[in-house]
Amino acid sequence: MKIHEYQARDLLTSFALPVPKGRMIESAAQATEAFAAAAAGMATPLVVVKAQVHAGGRGKAGFVKLVKTAAEAQAAASFMLSNRMISPQTPPEGLEVKKVLIAEAADIADRKGGGKEEFYLAITTDRRTRRNVLIASREGGVEIEQIAHDRPEAILKAALNPLTGLEPFVAREVAFKLGFKGKQVGQAVAIMLNLAKLFVQKDCTLAEINPLVITPPTAAHPDGQVLAIDAKFDFDDNATFRHKDIEAMFDPAEENPAELAARKFGLSYIALEGNIGCLVNGAGLAMATMDTIAMHGGRPANFLDVGGSATEQAVTEAFGIILSDSSVKGVMVNIFGGIMKCDIIAQGVINAAKNYKNADGTMGFKVPLVVRLEGTNVEGGRALLESAKAALPTMQAASDMGDAARKVCAAVA
Ligand code: GDP
Ligand code: MN
């Protein structure tokens, strides 16, 4: 589960990480007040207006703007709320922006030798070493993906201790390697240690700050201040049940509608790029089905596990979800009845077929359908499908999984 940057900033603040103040707004009319709140206490107001979407690359796309007046803030918010944001991290058609963050902008110190003092800092799980790992770079900011690709040596990695988490001496070593000086070192170390605590306590799969910046020196802070000015989080979906505060940040507007519908009916559904819809019971069988389709030259349009005890209604919903994807040109049903009874699945298929309304208003499935049933009550299931042939003109029965994959691949070829 992902959250927005404004929520990520609140989370960082609650773990004592330094973040400039800001406010989320949902209409350009709220921009004037939000600008005043962000600029409060600044001698020369500098405020940043940022689109809130679950994708990065906003800076380069023109969806992060520095402004000096309320009028500029309103114009920037109005632009972002009425244009789709397109970046390498969004689908080609971009994302609609429904929320905007208006925050106090940080002044970023110039770096000796050119550029700005922008760093990259993240914690994630490294599956190869089976450790949580701190990833850091002196070259943070909007080019980090390019740098990781071209000069991987510019990225530092340090493992967290599985029992004690990030150890202070490790954090200090990283801070020195990144080039922090004087009082910056202690600030950077505190940020790393608190981020590591947050990562573990909230069951994150990713906690990322990019950029972490140093502000120019002032009388009060002769070495400048180390601040987080953008953050991204991802959480383990299987653990959100024990974090009501995180769960409350869920924004359905940012999710794939088909995946949302599936979740409501207890189905595990993940949209993929192919054109063969799959309806399967059990995650292992679903994966084997996808592999078998691929082996026969086809490409699955989704992963869908209806679970061990799906009802007729869940099966009907599952078909609705699969067929709502316009790229689906054929459907393969692959059921191995254990706890699940084949006659219930068959009845679900028949009900779904009879009640399925196409975009042009006609009823019934139009796409080729291949059904393979095996296991508990299979005779009953097959008899039901046989007797409902009129309602399922596109249906073919298959004798086993390989046969089903072969038939559905041939049907969409
Ligand atoms: P992203 O492109 O979606 O990752 O958005 P970011 O919030 O990281 O902003 C992109 C870039 O805009 C940063 O790397 C900074 O160079 C600049 N930027 C963002 N916020 C501020 C700010 O408060 N002050 C200054 N001076 N620059 C900022
Ligand atoms: Mn960023």
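Here's what I pulled together on the structure shown here.

Parameters and conventions
Residues numbered from 1 in each chain as written. Chains lettered and ligands numbered in written order. Predicted model: local features only at pLDDT ≥ 70, side-chain atom pairs only at ≥ 80, totals over all residues. Heavy atoms only, no water. Donors = N, O, S within 2.8 Å, 3.2 Å for Na, K, Ca; no water. Helix = DSSP H or I, 4+ residues; strand = E, 2+ residues; numbered from the N terminus. Buried < 20%, exposed > 50% of the residue type's maximum accessible area, 1.4 Å probe, protein only. Axes fitted to C-alpha atoms, helices over the stretch in contact; angles between N-to-C directions. Parallel < 35°, antiparallel > 145°, perpendicular 65-115°, else oblique. Left-handed = near helix turned anticlockwise from the far one by under 90°. Contact = heavy atoms within 4.5 Å. Nonpolar A, V, L, I, M, F, W, Y, C, P; charged D, E, K, R; others polar.

## Here we look at the coordination of the manganese ion (ligand 2)
Around a metal, the perfect tetrahedron of four donors has angles of 109.5 degrees, and the perfect octahedron of six donors has angles of 90 or 180 degrees. Within the first shell, the manganese ion (ligand 2) binds the protein through Asn210 (O) and Asp230 (OD), at distances of 2.1 to 2.3 Å. Of this pair, Asn210 sits in strand S8 (residues 204–214) while Asp230 is found in the loop between strand S9 (226–228) and strand S10 (231–235), placing the two residues 20 residues apart along the sequence. Taking relative accessible area as the criterion, Asn210 reaches 11% and is therefore assigned buried.

## Brief notes about the packing of helix H6 (residues 168–178) against helix H7 (residues 183–201)
Viewed as axis vectors pointing N to C, H6 and H7 meet at an angle of 130 degrees, and their least axial separation amounts to 9 Å. The orientation of H6 relative to H7 falls into the category oblique. For H6 against H7, the interelement crossing comes out right-handed. Contact residues: Pro168, Ala171, Arg172, Val174, Ala175, Phe176 and Leu178 in H6; Val185, Ala188, Val189, Met192 and Leu193 in H7.

## Quick notes on the packing of helix H11 (residues 312–323) against helix H12 (residues 342–355)
The N-to-C vectors of H11 and H12 enclose an angle of 50 degrees; their axes lie 8 Å apart at closest approach. On the basis of the axis angle, H11 is oblique to H12. The crossing of H11 and H12 is right-handed. For the pair H11 and H12, the contacting residues are Glu312, Val315, Thr316 and Phe319 in the first and Ile344, Ile345, Gln347, Gly348, Val349, Asn351 and Ala352 in the second. The class makeup of the residues in the contact of H11 with H12 is 6 nonpolar, 4 polar and 1 charged.

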